[in-house]
Amino acid sequence: MSKQDFEGRVAIVTGGAGGIGSATVQRFLAAGAKVAAFDRDQGRLDQLKAASSGPVSIHCVDVTQWDAVSEAVDKVEAEFGRIDILVNVAGGGSPTTIQSATPEDWGRIVGLNLTAPFYCIKAVAPAMRRVGGGQIVTVGSLAAFQMSFNNGVSYTAAKSGVLGMTRHAAFELSRDNIRVNAVLPGPVMTPQMDAKIDAKSRAAVPKQVPLGRWLSPDEIADPILFFCSDASRGCTGTHVIVDGGLHVGAQYDRETYFAKRGE
Ligand SMILES: NC(=O)c1ccc[n+]([C@@H]2O[C@H](COP(=O)([O-])OP(=O)(O)OC[C@H]3O[C@@H](n4cnc5c(N)ncnc54)[C@H](O)[C@@H]3O)[C@@H](O)[C@H]2O)c1
């Protein structure tokens with residue numbers, strides 16, 4: 001995206017202080033947008049602000065709370081005068097199984113990955129209507145289609161729900177000229193992932209992913225900006241999987257596959 005592509009437009013990025021979120025914030029700033037980052041981690045929001053050279057406002061918000069979301073959206077509209085784009089990035093999982101998940105675990109993970117994007121979409125839609133349209137992107141996961149690597153039943157269910165909500169919102173908001181799409185990452189190496197992942201999983205990913213490596217946060221931010229730009233003006237209610245090819249579902253790693261064929 002060039003410096004002019006998002007000139008004059010205002011984007012809200014939830015989870016804006018995290019790995020994929022902060023890469024998305026920086027991409028928008030580089031493309032000329034004004035950005036409001038919502039995150040519950042004030043320390044990381046401060047770091048984001050310090051690392052950003054463009055117009056970014058930071059909001060310490062728990063996106064699972066309707067009143068907090070609604071209030072923060074109003075503040076952004078008052079500060080920047082309009083809202084054109086919402087990117088729902090805040091999310092995260094838990095390794096719980098049907099047996100181990102408590103009702104609280106289930107509610108927390110579904111609340112963060114599915115209910116929070118719903119609250120944010122509901123809160124921004126009136127502001128987008130006032131400016132004649134907008135773009136909404138929710139970051140889902142390859143877990144909508146496959147068992148997730150480290151996460152459990154609640155995450156898989158919530159990320160699957162993101163696709164249904166995306167389709168419904170795309171239809172309902174189409175008459176307001178608001179497009180709604182989703183980006184579904186596979187394994188992405190973020191600072192938080194780097195800090196928590198065990199050596200076995202770290203080494204396994206490059207063997208399983210056809211591109212042979214972990215993806216970077218920028219490689220998710222770029223398709224997010226695509227869905228927010230006029231280049232995707234014909235797309236709504238759809239998604240793109242960005243996973244280095246993991247979804248093709250090969251039974252072997254590349255080395256074994258070609259060795260079996262003597263190539
Ligand atoms: N990293 C991966 O491999 C991967 C793979 C598939 C999908 N995803 C999805 O991508 C998105 C971003 O993941 P990431 O790897 O950048 O994670 P991350 O942990 O680096 O960032 C998530 C951010 O969301 C914030 N957050 C969490 N709960 C919040 C709440 N209630 N209110 C406001 N902010 C909150 C966190 O403080 C953090 O800054 C998530 O939706 C995740 O499910 C990530």
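Above: the structure in question.
Rules and cut-offs
Residues numbered from 1 in each chain as written. Predicted model: local features only at pLDDT ≥ 70, side-chain atom pairs only at ≥ 80, totals over all residues. Heavy atoms only, no water. Near = heavy atom within 4 Å. Polar contact = N/O pair within 3.5 Å; in protein donor to acceptor, adjacent residues only side chain to side chain. Areas by Shrake-Rupley, 256 points an atom, 1.4 Å probe, with all protein chains shown as cover. Helix = DSSP H or I, 4+ residues; strand = E, 2+ residues; numbered from the N terminus. Phe/Tyr/Trp six-rings, centres within 6.5 Å; stacked < 30°, edge-to-face > 60°. Lys NZ or Arg CZ within 6 Å of the ring centre and 35° of its normal. Pairing = 2+ DSSP bridges. Axes fitted to C-alpha atoms, helices over the stretch in contact; angles between N-to-C directions. Contact = heavy atoms within 4.5 Å. Buried < 20%, exposed > 50% of the residue type's maximum accessible area, 1.4 Å probe, protein only. Salt bridge = Lys/Arg side-chain N within 4 Å of Asp/Glu carboxyl O.

Student: Just give me the short version of the site of the ligand, but keep the residues and values in it.
Tutor: In the neighbourhood of the ligand, 30 residues make up the surrounding shell, with Ile20, Asp39, Val89, Tyr155 and Val188 lying closest. The contact in question runs from an oxygen atom of the ligand to an N or O atom on the backbone of Ile20, over 2.8 Å. Side-chain polar atom of Gln192 to an oxygen atom of the ligand: 3.0 Å apart, as the coordinates give it. For the ligand, the accessible surface in isolation is 820 Å², of which the surrounding protein chains cover 90%. Of all the elements in the fold, those that place two or more residues in the shell around the ligand are helix 1 (19–30), helix 5 (153–174) and helix 6 (191–196).

Student: Please give an account of the packing of aromatic side chains that cites residues and values.
Tutor: A complete count under the given rule lists five aromatic pairs for this structure. Taken together, a centroid distance of 5.5 Å and an interplanar angle of 45° make the contact between Phe226 and Phe227 tilted. Members of the aromatic cluster, each reached through a chain of ring pairs, are Trp66, Phe118 and Tyr119. When the ring centre of Trp66 is taken as reference, the NZ or CZ atom of Lys122 above it lies at 5.9 Å. Lying over the aromatic face of Tyr257, Arg261 brings its terminal NZ or CZ to 3.9 Å of the ring centre.

Student: Now, about the sheet that holds strand 6 (residues 178–185): what can you tell me, with residues and values included?
Tutor: Ordered in space as 3-2-1-4-5-6-7, the seven strands form an open sheet in which the pairing is parallel. The open sheet has two free edges, formed respectively by strand 3 (56–60) and strand 7 (239–242), since each of these has just one partner strand. The average undirected angle you get between the axes of adjacent strands in this sheet is 15°. When strand 1 (residues 10–14) meets strand 4 (residues 85–88), the two strands line up parallel, connected through four bridges. Residue pairing for strand 4: Ala11 is matched across the bridge by Ile85. Along the sheet, helix 2 (residues 42–51) contacts strand 2 (34–39) and strand 3; its crossing angle with strand 3, the most-contacted strand, is approximately 175°. Packed on one face of the sheet, helix 4 (residues 103–130) meets strand 1, strand 4, strand 5 (134–139) and strand 6 and runs near 175° to strand 4.

Student: A description of the pairing of strand 4 should follow, citing residues and the corresponding values.
Tutor: Neither face of strand 4 is exposed, since Ile85 and Val87 on one face and Leu86 and Asn88 on the opposite face are all buried. Two strands pair when backbone bridges link them, and strand 4 and strand 5 are joined in this way by four bridges, in the parallel orientation. Note on strand 5: the bridge partner recorded for Asn88 is Thr138.

Student: Explain the pattern of salt bridges to me, and be specific about the residues and the numbers.
Tutor: What the rule picks out here adds up to eight salt bridges. Here Asp176 and Arg129 are joined by a salt bridge, their closest N and O atoms 2.9 Å apart. In this pair, Asp176 sits in the loop between helix 5 and strand 6 while Arg129 sits in helix 4, placing the two residues 47 residues apart along the sequence. Here Asp176 falls in the buried class, since its relative accessible area comes to 17%. Take Arg129: its relative accessible area is 42%, and that puts it in the partly exposed class. One salt bridge in this structure joins Arg213 and Glu219, with 2.8 Å as the shortest N-O distance. Through salt bridges with shared partners, one network takes in Arg27, Asp218 and Asp222.

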